[in-house]
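# Structural overview
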Amino acid sequence: RNSAKPSPAMPSPEKAGRIAAADSQEKLETADFAAEELEAAITAEQEPIAVTLGEVYQYKVDRGRLCADLGNSSALSCLVGGFAYGSLGSKPDETLELMIYMFNVIAIHACTCSCLASAFLFKKINGLHDEDVSRWAHQNRWLMQVPFAKFVGGLVCYLCTVIFRSWLDLVDHPIFRAMAMVIGLVSIGTVWATSAYLALSGPRAKFFDPLSKLV
């Protein structure tokens, strides 16, 4: 007697199509869920991304170095601004005295603006959470240059007042007058040359550390 088991019945083509479609839909939903979980993990554990020249990179700001730089700009601006304020003097009478007065006024305002901008930025950056500081600092990275730029402008104006004041006060001593003028011009030239050299040579100072290239 034949004891072989009958083979199972094959599903119809229509039913097989429905089964395959259901399997495909389930796989797609599983893949989408996995992608969402991965994206959520990246967002929670890593720093925000920044787009540069069409490529996406991962960036992280060094909060300590950035706050130290802002504090340094603030302290120097206070110092130079105080010197300029002490040099205002009385009501100017001559043209050169008027120039000295105006350059002192510009130096005071520039250094005061630098000091206040540094203080506001320091408070903002120091008060942000770690997951927010990198995104905010990268979106407002141009604002990080304002305190130092204001300080340099105020410093140059103050050095100009020193040159003008020495030229006015040493009118009876032509040799020392010329020496003071040369020293002042060399000082201002040194400031600009140093700034240009640091900006154009070698790696620039960056407070954003690229961690990895994402795409």
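Think of each chain on its own: its residues are numbered from 1, step by step along the sequence as written. At least 70 in pLDDT is required for a residue's local features to be given in this predicted model, at least 80 for side-chain atom pairs to be given and counted, and no such filter applies to totals for whole chains, interfaces and linings, which use all residues. Note that water and hydrogens are dropped before the side-chain values are worked out from all heavy atoms of the structure.

## Side note on the packing of helix 2 (residues 63-86) against helix 5 (residues 146-169)
Direction vectors running N to C along helix 2 and helix 5 enclose 25 degrees, while the axes themselves pass 10 Å from each other. The orientation of helix 2 relative to helix 5 falls into the category roughly parallel. You can see that helix 2 and helix 5 cross each other, and the crossing is left-handed. Judged by residue contacts, Leu70, Ser73, Leu76, Ser77, Val80, Phe83 and Ala84 of helix 2 engage Pro147, Phe148, Phe151, Gly154, Leu155 and Tyr158 from helix 5. Residue classes follow a fixed rule: Ala, Val, Leu, Ile, Met, Phe, Trp, Tyr, Cys and Pro count as nonpolar, while Asp, Glu, Lys and Arg count as charged, and any other residue, Gly among them, counts as polar. A per-class count over the contact of helix 2 with helix 5 returns 10 nonpolar, three polar and no charged. Where helices are involved, their axes are fitted lines through C-alpha atoms of the stretch in contact, as for all axes, and angles between N-to-C directions lie from 0 to 180°. Secondary structure elements are defined from DSSP: runs of H or I of at least 4 residues count as helices, runs of E of at least 2 residues count as strands, and each element is numbered from the N terminus. Here the angle decides the label: under 35 degrees means roughly parallel, over 145 means roughly antiparallel, 65 to 115 means roughly perpendicular, and every other value means oblique. By definition, any crossing whose near helix is turned counterclockwise from its far helix by less than a right angle is left-handed, and any crossing with a clockwise turn is right-handed. Any pair of residues with heavy atoms lying within 4.5 Å of one another is described as a contacting pair.

## Description of the packing of aromatic side chains
For this analysis, a ring pair means two rings from Phe, Tyr or Trp (six-membered ring only for Trp) whose centres lie within 6.5 Å, classed as stacked if their planes differ by under 30 degrees, edge-to-face if by over 60, and tilted for the remaining angles. Applying the stated rule across the entire model yields three aromatic pairs. Here Phe148 and Phe151 contribute two aromatic rings whose centre-to-centre distance is 6.1 Å and whose plane-to-plane angle is 45 degrees, an arrangement assigned as tilted. Of this pair, Phe148 and Phe151 both sit in helix 5, separated by three residues, roughly a single helical turn. Overall, Phe148 belongs to the partly exposed group, its relative accessible area being 45%. Looking at Arg177, its charged tip hangs above the ring of Trp167, at a distance of 3.7 Å from the centre. Under the scheme applied here, a residue whose accessible area is under 20% of the maximum for its type counts as buried, over 50% as exposed, and between as partly exposed, the area being computed with a 1.4 Å probe on protein chains only. Over a ring means this: the NZ of a Lys or the CZ of an Arg is within 6 Å of the ring centre and within 35 degrees of the ring normal.

## Examining helix 2
The terminal C-alpha atoms of helix 2 lie 35 Å apart, and with 24 residues this matches the ideal 34 Å at 1.5 Å per residue to within 8%. Of all the positions in helix 2, only Arg63, Leu66, Cys67, Leu70, Ser73, Ser74, Ser77, Val80, Gly81 and Ala84 are classed as buried. To estimate how far a helix should extend, the number of its residues minus one is multiplied by 1.5 Å.

## A look at the nonpolar core
Buried together is how nonpolar side chains tend to be arranged in soluble globular proteins. Here, nonpolar core means buried Ala, Val, Leu, Ile, Met, Phe, Trp, Tyr and Cys residues that are tied together by side-chain atoms lying within 4.5 Å of each other. Val80, Val156 and Ile188 are the most contacted members of the largest nonpolar core, which has 20 residues in total. At the level of elements, helix 2, helix 3 (95-127), helix 5 and helix 6 (174-200) are the ones that each hand at least two residues to this core. Looking at which element gives the most residues to this core, the answer is helix 5, with 11 residues. Listed in part, the 11 residues of the second largest apolar core include Val61, Cys67, Ala137 and Met144.

## Overview of the side chain of Ser74
Mapped onto the elements, Ser74 comes out in helix 2. Residue Ser74 is classed as buried on the basis of its relative accessible area of 16%. In this structure, Ser74 is in contact with Cys115 and Ser118, ignoring residues within four places of it in sequence.

## Details of the packing of helix 3 against helix 5
Where helix 3 meets helix 5, the closest approach of the two axes is 8 Å, and the angle between their N-to-C directions is 155 degrees. By the angle between their axes, helix 3 is roughly antiparallel relative to helix 5. Taken as a pair, helix 3 and helix 5 cross one another with a handedness that is left-handed.

## A closer look at helix 3
Between its first and last C-alpha, helix 3 extends 48 Å over 33 residues, near the 48 Å set by a 1.5 Å rise per residue. Among all positions of helix 3, only Ile100, Asn104, Ala107, Ile108, Ala110, Cys111, Ser114, Cys115, Ala117, Ser118, Leu121 and Ile125 are buried.

## Concerning the environment of Leu170
Summarising the element assignment, Leu170 is placed in the loop between helix 5 and helix 6. Sequence separation of Leu170 and Ala180 is 10 residues, and the distance between their C-alpha atoms is 8.8 Å. Every residue in contact with Leu170, bar those within four places of it in the chain, is listed here: Phe176, Arg177 and Ala180.

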